[in-house]
Amino acid sequence: YAKAGDATALLQQQPEAPEIFDAPYKGMQSENGGVIGMLEVIESDFARLEADTKSAEATAQKEYDTFMTDSKVDKESKTKDIEHKTAKKQDEEQALTVKNEDLEGTQKEL
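What counts as what
- Throughout this description, residue numbers start from 1 for each chain and increase along the sequence as written.
- pLDDT decides what is reported in this predicted model: residues at 70 or higher carry local features, side-chain atom pairs at 80 or more are listed and counted, and totals for whole chains, interfaces and linings draw on all residues regardless.
- For side-chain calculations, the full set of non-hydrogen atoms in the structure is used, while hydrogens and water are omitted.
- The secondary structure listing takes helices from DSSP runs of H or I that are at least 4 residues long and strands from runs of E that are at least 2 residues long, numbered from the N terminus.
- The cut-offs for exposure are 20% and 50% of the maximum accessible area for each residue type, with area from a 1.4 Å probe on protein chains only; residues under the lower value are buried, those over the upper are exposed, and the others partly exposed.
- Here the Shrake-Rupley method, with its probe set to 1.4 Å, supplies the accessible areas, and only the displayed protein chains count as covering residues.
- Should a side-chain nitrogen of Lys or Arg be within 4 Å of a carboxyl oxygen of Asp or Glu, the pair is scored as a salt bridge.
- The patch calculation keeps residues exceeding 30% relative accessible area without a salt bridge and links them within 9 Å when they carry like charges or within 5 Å when they are nonpolar (Val, Leu, Ile, Met, Phe, Trp, Tyr).

The next subject is the overall build of the protein chain. Along the protein chain, the regular secondary structure elements total two helices and zero strands. Buried residues in the protein chain amount to 1% of all 110 residues. Of the roughly 11,300 Å² that the protein chain leaves accessible, carbon and sulfur atoms contribute 57%.

If you want it as structure tokens, here you go:
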């Protein structure tokens, strides 16, 4: 028992750091600011994303409004065009009927 206090075989010994490390590792705490720094980065990213999204939505809404206005004008124009062409077709068909009747009358006279 007397010699057991001097025995070093069962004692845990601290390993020495490898030669590549000159100082103990302290982490990167000074560089990133911890959790608060990470939250600030997330907040700034969100604010930037929100601004970009609002800008894109405003641009898309403006383009949509322009498209709808142009489409409405174009539709009205084409509707009027259809009405005019339908009326012209009816007039031409009526004129054709009258001329065919004149032709038949002329043919009978000959």
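Glancing now at the pattern of salt bridges. Side-chain pairs of opposite charge can arise where the charged atoms are in close proximity. This model, assessed by the stated rule, comprises four salt bridges. Taking the shortest distance from any N to any O, the salt bridge between aspartate 74 and lysine 78 comes out at 3.3 Å. Placement of both aspartate 74 and lysine 78 in helix H2 (residues 34–109) is noted, with a separation of four residues, approximately one turn of the helix. Overall, the relative accessible area of 37% leaves aspartate 74 in the partly exposed class. The closest approach of N and O atoms between aspartate 81 and lysine 85, which form a salt bridge, is 3.5 Å. With aspartate 81 and lysine 85 both in helix H2 and four residues apart, this pair spans about one turn of that helix. Accessibility expressed as a relative area gives 36% for aspartate 81, which makes it partly exposed. Since its relative accessible area comes to 54%, lysine 85 is described here as exposed.

There is a patch of nonpolar side chains on the surface, built from Val35, Ile36, Met38, Leu39 and Ile42 and spanning about 500 Å² of accessible area. Tracing the backbone through its elements, the reader meets methionine 38 in helix H2. On the basis of relative accessibility, which here comes to 49%, the residue methionine 38 falls in the partly exposed class.

Take it as geometry only, folks, not as evidence of what the structure does.
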